[in-house]
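Close look at the chain arrangement
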Amino acid sequence: ALKALIFDVDGTLAETEEAHRQAFNATFAAHGLDWCWSVADYTRLLKVTGGKERMAAHRAAVGHGPDDATIAAMHKEKTAAYAAILARGGLQPRPGVLRLVEQARAAGLRLAIATTTSPGNVEALSACLWGKPADQVFDVIAAGDMVQAKKPAPDVYLLALERLGLPPGQALAFEDTLNGIRAAQGAGLKVVATPSLYSADEDHAAADLCLPDLSGFALSDAP
Ligand code: XBP
């Protein structure tokens, strides 16, 4: 029987990637760097998961840019810029997210996060969507650099399952990207995909269930 739901964050709980993109660009400008990511650039760059990894991939593509230590420092500034954008408000949960979280709680399911972004960004979003700390909404938070290999590697989902103390057959993952679907399935999980603004170009046929959003999803629909 289903005992837990495991959620991706960016693009799945909310359309956060535009705030991430703006935070990256503000950080590049503050460093006097001639990098500026358009929506088209960022759609392509999102295939590289993780902000530091994404900056390094861009550096490799353009052939110049800051060293790894500077990228790490810039990523901390980017994280602060992202939190400031979210603190200004205006970010909504994707349809059905709040209701599903409540329904799962009422049914006695446990809730977890499996994300590539940092724990601080999970907090910033939780404050935005629920007005409370993430650990008051989720039992387990597996995030960012807690694992060595980011999505599409299964590591962050394996960590979430380990902390839940559950086998993959007793949990269900929610994702918006192909990298996320691969990560969850690599951990043995079934996945519900709800493509987002920045992943609409991908083919999500590999998901066990694909929906435009979670507004029509009930726990009895679990694949
Ligand atoms: C989202 C990501 C993240 C965010 C930016 O992946 O790949 O890198 O774009 O966050 P997921 P950071 O949806 O799997 O969480 O800059 O903190 O990495």
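About the criteria used
Residues numbered from 1 in each chain as written. Predicted model: local features only at pLDDT ≥ 70, side-chain atom pairs only at ≥ 80, totals over all residues. Heavy atoms only, no water. Near = heavy atom within 4 Å. Polar contact = N/O pair within 3.5 Å; in protein donor to acceptor, adjacent residues only side chain to side chain. Areas by Shrake-Rupley, 256 points an atom, 1.4 Å probe, with all protein chains shown as cover. Helix = DSSP H or I, 4+ residues; strand = E, 2+ residues; numbered from the N terminus. 1 Å grid on protein atoms, 1.4 Å probe; cavity = no way out; pocket = protein on both sides within 12 Å on 5 of 7 lines; lining within 4 Å. Points joined across faces, edges and corners; volume = space filled by probe spheres on them. Nonpolar A, V, L, I, M, F, W, Y, C, P; charged D, E, K, R; others polar. Core = buried A, V, L, I, M, F, W, Y, C linked by side-chain atoms within 4.5 Å. Buried < 20%, exposed > 50% of the residue type's maximum accessible area, 1.4 Å probe, protein only. Contact = heavy atoms within 4.5 Å.

What follows covers the site of the ligand. In the vicinity of the ligand, 19 residues are found, and the nearest of them are Gly 51, His 75, Lys 78, Thr 115 and Thr 117. Within the backbone of Thr 116, one N or O atom sits 3.0 Å away from an oxygen atom of the ligand. For the ligand, whose accessible area on its own is 440 Å², the fraction buried by protein is 96%. Counting residues per element, the ones that place at least two in the shell around the ligand are α1 (17-30), α3 (51-62) and α4 (68-87).

On to empty space enclosed by the protein. All chains considered together, the criterion is met by one cavity of 30 Å³ or more. Within this model, the largest cavity holds a volume of roughly 40 Å³. What lines the largest cavity is simply Val 9, Leu 13, Val 122, Leu 125, Ser 126, Trp 130, Ala 134 and Phe 138. The residue makeup of the lining of the largest cavity, split by class, is seven nonpolar, one polar and no charged.

Another point: unusual backbone geometry. The omega torsion across Lys 151 and Pro 152 is 15 degrees, close enough to zero to call that bond cis. In this structure, Pro 152 sits in the loop between β3 (140-143) and α7 (155-164).

Counting residues in each nonpolar core, the largest one holds 33 residues, and the members touching the most others are Leu 5, Phe 7, Leu 13 and Phe 174. Among the elements of the structure, β1 (4-7), α1, α4, α5 (97-106), β2 (110-115), α6 (119-130), β3 and β4 (171-175) are those that each provide at least two residues to this core. Those residues in contact with Phe 174 that lie beyond four places of it in its chain are Leu 5, Ile 6, Phe 7, Asp 8, Thr 12, Leu 100, Tyr 157, Val 192, Leu 214 and Phe 217. One finds Ile 6, Val 147, Ala 173 and Ala 207 within the second-largest nonpolar core, a separate group that totals 24 residues.

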